[in-house]
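Summary of the model geometry
Chain by chain, the residues run as shown.
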Amino acid sequence: MAEHDDSLLWQVEWTPTQTAVDTDVRRTPDGALAVTARSICAACRGNTVRRVRKVIPGPHKGAGREQEHIEIPTDLREITFICDCGHQHPDRPPGELGCGRYWRVELP
Ligand SMILES: [Zn+2]
Ligand SMILES: [Zn+2]
């Protein structure tokens, strides 16, 4: 796998839409659906993880059933990522994360 680019300057910029590297979908005890997705920043090649959740109305069979197949709802299939690679990028303003790039991730 390619190395993280530490010398890349911080800049707010949209980069092309990507497909998630890893996705995890599970029900939380309070009846919500939690989607965790991982994606690689196209600019600095840092790793970013995002978690989105949504309360799904209707009966559910309780949390923690590994075998249950969960469909990801359409409105959770596209997640906006902002780079959170954990590295320090030159020119980064205080309070900002990663290298400043945004991108959309489509879940498989
Ligand atoms: Zn980075
Ligand atoms: Zn980045």
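Predicted model only: the values in this text are computed from it and were never measured. (Residues numbered from 1 in each chain as written. Chains lettered and ligands numbered in written order. Predicted model: local features only at pLDDT ≥ 70, side-chain atom pairs only at ≥ 80, totals over all residues.)

The next subject is the environment of Ile56. Mapped onto the secondary structure, Ile56 falls in the loop between β5 (47-55) and β6 (78-82). Residue Ile56 is classed as partly exposed on the basis of its 15 C-beta neighbours within 10 Å. With 29 residues separating them in the primary sequence, Ile56 and Arg27 have C-alpha atoms 9.4 Å apart. (Helix = DSSP H or I, 4+ residues; strand = E, 2+ residues; numbered from the N terminus. Buried ≥ 20, exposed ≤ 12 C-beta atoms within 10 Å, placed from the backbone.)

This brings us to the sheet that holds strand β3 (residues 22-27). Within the open sheet, the 3 strands sit side by side as β3-β4-β5. Their pairing is antiparallel. This sheet does not close on itself; its edge strands, each paired only once, are β3 and β5. In this sheet, adjacent strand axes meet at a mean angle of 15° when their direction is disregarded. Pairing geometry for β3 and strand β4 (residues 32-40), over 6 bridges, is antiparallel. (Pairing = 2+ DSSP bridges. Axes fitted to C-alpha atoms, helices over the stretch in contact; angles between N-to-C directions.)

Everything listed here is a matter of coordinates, which is why it stays silent on function.
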